[in-house]
Every structure is written in structure tokens, then in C-alpha cells.
Amino acid sequence: MMRVRFAPSPTGYLHVGGARTALYNWLLARKLKGTFILRIEDTDELRSSDDSVRQIFDSLRWLGLDWDEGPLDGGEGASGRGGEKKRWASKGNFGPYFQMERQEIYRKYSQELLTKGALYECFCTEEELQAHRDQALLAKRAPRYSKLCRRLSEKEKESFRAQGRAPTLRFAVPEEGQTVFDDSIRDRVSFSNLELEDFIVVKSSGGPTYNFACVVDDHLMEITHVIRGEDHISNTPKQILIFQAIGWPAPQYAHLSILLGPDGSRLSKRHGATSILEFKDQGYLSQAVVNYLALLGWATQDSQDLFAHEELIAKFELERCQKNPAAFDYAKLQWMNGIYIRKLTKSQLLAAVRPFLGPVPANLEPILEEIVALEQEKYRTFAEARDLLGFFFNDNFDYRWEDIEGLMAKSLNLKTRADLDRVLAELAKRLGGLADFSVAGVEVSLRALAKDFGWKNTEVFHPLRFAVSGKLQGPSLFHMIALLGRDWTLGRVARLAGLKNSLAGAPIQE
């Protein structure tokens, strides 16, 4: 059975690239009835944090990527690091799922490799290593480790120990031949062993490095396929050498293309949101984000854009992932998010938009669902709702004369402030005496007003819209007026009519 894993480091937020990696692993596991495992690679003790772990949990759950094995929120179980109680419960039979809780396992296999001669002790200090790197760069050589400690005598080792030097354990890379692997996306990939330095497997502190812990965990957790970003390609030959030295079969590898920003450089914070939960905070639907992430480096044969959840699982194929970098297009994500928003029911829309609205007058709460739905066709993100509908919740918006100057220039009858005042006065009379303040009633009344005075409909509609919202564009005018109600509508018409000299640039004619 296929077993795949997503193995993030808890040193920050879950970014777009990591989320795409998790998604592809999850899709493949779900399609092929396999197992999706979450493993936390927390060997970076200085930067790893519980907050980052929780953020990983929250991000994956928001995306709908449930894991079959791995840690869970909280809970107490067997003793963990240093004998304290575990901070995280887990599910699955291949744990612990935190690398820092697997230290004894790593020590067992590092000692086995040391005994075999596949590893050797390196006593070089960081200062000595840096000096060797500097010398190599001056000589225009690659700054690889010089293998200085590879052939130390026992006497030399004892001398270094007497100095108090704690050794690292390095892997003795074969000095000839190639390390080769078949990649599901990139076909055959090979590295000359001469290009690989003798890399560190165990740090001087006794903790494992990434490459060693990863190999041990992948084997013991019976991982069959490793799907990850192409930035890990350089790690793969090192991991394969470790697999070979222990005598374990390596999993099948697939390295995904890197993600670029709109300007062609590597995707980063300066391009916009890169944390998955930032997209949530900015008003994106998780379904839209998942759909878009799936298309960053993968496509169906017919270049389909939109997928139902089960359809995405059914159509995903690892072999159709591309080698070339994928560019993150925020405009396309917004377009796609708008498509998903328009599929929501009114109640779903209100639930999604409500956190972005801020304070809402109590009298509008009963009709809030209808108010929010007015602009459903326009939303690209839920965060836009406050700007599009803010006039419903705040009477103190500003009127800008320049917003209607263009309208007046195109109007036959609406040329001066006096003309505007006349329209506002007639609107107040007509709407004030309107018995039926429904959508249909408002529309009939406004069209009749325009006809009675020989005005164009826009010469009535636009001043009214401007009066009640401070804008010349927005939702359906008749629905908007009906929802605002008689009192608020008339109050705002009166407010605009009373703002004589405070309308900057307004041509005043009494």
C-alpha cells in the first residue's frame, strides 16, 4: 500500500510551497487509497516551536488535508523528551511522529553505521572548517569538506578528545562512481560521488542531521513515495547513500517544481501572502486555495481550471506534474475565489463574510444576510465586503463632489448644484410618501419620478445612489434602498442636501 508523508519543520508558518507539497501527497494517498502521514521534523531545537506546530495543524485542517497518522492537538501519553509528559497525542503505529522524540532510534543506527565504517568521527572546529572553505574559494575550488578527519589514527582521535573536542559523525562518501535515482517527474537523475562532500550525519551535540533522521524515519515508517520540492534534490543522493549503507531500499522520489512570484523571482513574502493562514485572514475560501494550489505545477490534459473536491482527487496524477517553475498569480487566485464565492448559499456567504464586517447596527442584523448577498457577484475575497457595503453600517461617510462631476457633465438636466438640490428635494417628497417601500415599489416610484419631470433615469438613480452610499457604483439600487429602509434613505438624502459649502469644488447656485 502506498504510504506518503508530509514532514514540515516547525520553525515558522506553513507557506505556499509547503502547502502544495502536502496537498500533492494527500491527493495521491486519497486517490490510491494509501496512507497520508504527518511527521514533524523538529531537530532544529533553536528555531522549532510549539506555536509553529499548532500553526501547521491549523493550516492543514483549514485546507481540509486530514492525516491518517501523526501528532494531534494536545493530550498526554508516554514520557517524551527528557522524561516529561508528551505535549502531543498521536495516532498511528509508527510513532513517535516528532523527530526529537526519536533520538534513541537515531543513535542506534548511527552507531551501526560507525561500526561498519560508513561513518567517521570529525573533530574539526567551525573555525577550522571556515578557514578551509575560504582557502578553497581563493583557489577557485568548490568549498567542500577536505576529508581531513577521514583517515585519522586512533592516537590522533584520542588527542582531540583530550582537548575536549566533541566530534561530529560524517558519512564516508564513495570516492568514485555515481549515485543515481529515478524521479517520477524528472526521470533519471545522477550525481558524481566526487561532487558530494562527506556530509555530517550526527552533530557534535549528538543529534541527527536532517538527511540522516529523514532516512531512518522514512524506512521505519514504511514510506513508499517521497514527494517534495526540487530544493531537496541535492539531499536525495546523500539519503540514498545512507539507505545503501544500512542496507535498506530507498522509496520512490518525485521532486516538484519551485514556485515563482509574478516577477519571475522565487516566491517570497514581498510578493504578498505566502502563509496559508494569511489567505484565510484575507478572505479566501479554502476550497479555492486548494484548487489553485493544485494547478501550481500540475495540469490535466485538457487544462481544466475548476474542480469539485472529489474530482480533483480522481484526476490527480503525479506523472503530469511539470519540471518547469510555476508562477503564483494572485489575480487568478482572486478570480477563482470569486467563482467559489458565487456558489455559496446566502447563509454560507453570511457566515464567511461576517468576521470581515466589523460592528453592525443592531437593526440591520435581521436583514444582514440579504445585505451581504447584494454584492455576491462582485466579491473576489470576503475582505472586500466592508468596503463594498460599508455605507450600510456607517452614516458618516464622506461625499466627494468629483465623484459626480463626470455624471453632471454627461447629463442634460443635471448641471449645477441647484439641479442636484432639486432632484434631492423631489426624491425626498416621492420616497417620503411612498406606501410600498419594497424593491418593486421603489423601482416603480423612481422611474415614475424621472418620467414626470422629463429626466433621464440616471439623473434620478445616480444622485440617489450617491446620497445614500457616497458612491456612484454599487449593488442594485432598488434592493439597496429597500434594505436601507425609508428612515435611513431619507436621512441621507437630507444630509447631502444640507451639505452646501462642504462639498469641495461644488458649483453653488442658489
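Everything numeric here is computed off the predicted structure, so don't read it as measured data.

Concerning the nonpolar core
Inference 1: Core analysis: the largest hydrophobic core is formed by 112 residues, its most contacted members being Phe-279, Phe-392 and Leu-446.
Inference 2: Counting residues per element, this core draws most heavily on helix H1 (residues 16–31), at nine residues.
Inference 3: If we skip the residues at most four places from it in the chain, Leu-446 touches Leu-427, Leu-431, Val-460, Phe-461, Leu-464, Leu-477 and Phe-478.
Inference 4: Within the second largest apolar cluster, 32 residues are counted, among which are Ile-37, Leu-196, Met-221 and Leu-241.

Let's talk about the environment of Pro-10
Inference 1: By secondary structure assignment, the location of Pro-10 is in the loop between strand S1 (3–6) and H1.
Inference 2: Separated by 46 residues in sequence, Pro-10 and Ile-56 place their C-alpha atoms 7.5 Å apart.
Inference 3: Excluding residues that lie within four positions of it along the chain, Pro-10 makes contacts with Ile-40, Glu-41, Asp-42, Arg-47, Ser-48, Ser-49, Ser-52, Val-53 and Ile-56.

Overview of the packing of aromatic side chains
Inference 1: In total, this model carries 21 aromatic pairs according to the counting rule given.
Inference 2: On the basis of an interplanar angle of 40° and a centroid distance of 5.3 Å, the ring pair of Trp-298 and Phe-316 is categorised as tilted. In this pair, Trp-298 is assigned in the loop between helix H9 (286–294) and helix H10 (309–315) and Phe-316 in the loop between H10 and strand S13 (326–327), connecting sequence segments 18 residues apart.
Inference 3: Assessed through its relative accessible area of 0%, Phe-316 is described here as buried.
Inference 4: Note on Tyr-399 and Phe-466: the rings are 5.3 Å apart at their centroids and 55° apart in plane angle, and the pair reads as tilted. Note that Tyr-399 is positioned in the loop between helix H14 (385–393) and helix H15 (402–410) and Phe-466 in helix H18 (residues 457–469), a separation of 67 residues in sequence.

Side note on the sheet that holds strand S9 (residues 200–202)
Inference 1: If you walk across this open sheet you meet the three strands as S5-S6-S9, and the pairing is antiparallel. In this open sheet, the two strands that pair with only one neighbour each are strand S5 (119–122) and S9. Here the strands of the sheet are splayed against their neighbours by 45° on average, with no regard to which way each runs.
Inference 2: Summarising the sheet, S5 and strand S6 (residues 168–171) pair through four bridges and their orientation is antiparallel. In the strand pairing of S6, Tyr-120 is matched with Arg-170.

A short note on the side chain of Thr-179
Inference 1: Structurally, Thr-179 is set in strand S7 (residues 178–183).
Inference 2: In this structure Thr-179 comes out as buried when scored by relative accessible area, which is 2%.
Inference 3: One polar contact links Thr-179 to Asn-193, side chain to side chain, over a distance of 2.7 Å.

Conventions and cut-offs
- Residues numbered from 1 in each chain as written.
- Predicted model: local features only at pLDDT ≥ 70, side-chain atom pairs only at ≥ 80, totals over all residues.
- Heavy atoms only, no water.
- Core = buried A, V, L, I, M, F, W, Y, C linked by side-chain atoms within 4.5 Å.
- Buried < 20%, exposed > 50% of the residue type's maximum accessible area, 1.4 Å probe, protein only.
- Helix = DSSP H or I, 4+ residues; strand = E, 2+ residues; numbered from the N terminus.
- Contact = heavy atoms within 4.5 Å.
- Phe/Tyr/Trp six-rings, centres within 6.5 Å; stacked < 30°, edge-to-face > 60°.
- Pairing = 2+ DSSP bridges.
- Axes fitted to C-alpha atoms, helices over the stretch in contact; angles between N-to-C directions.
- Polar contact = N/O pair within 3.5 Å; in protein donor to acceptor, adjacent residues only side chain to side chain.

Coordinates in, geometry out; function isn't part of it.
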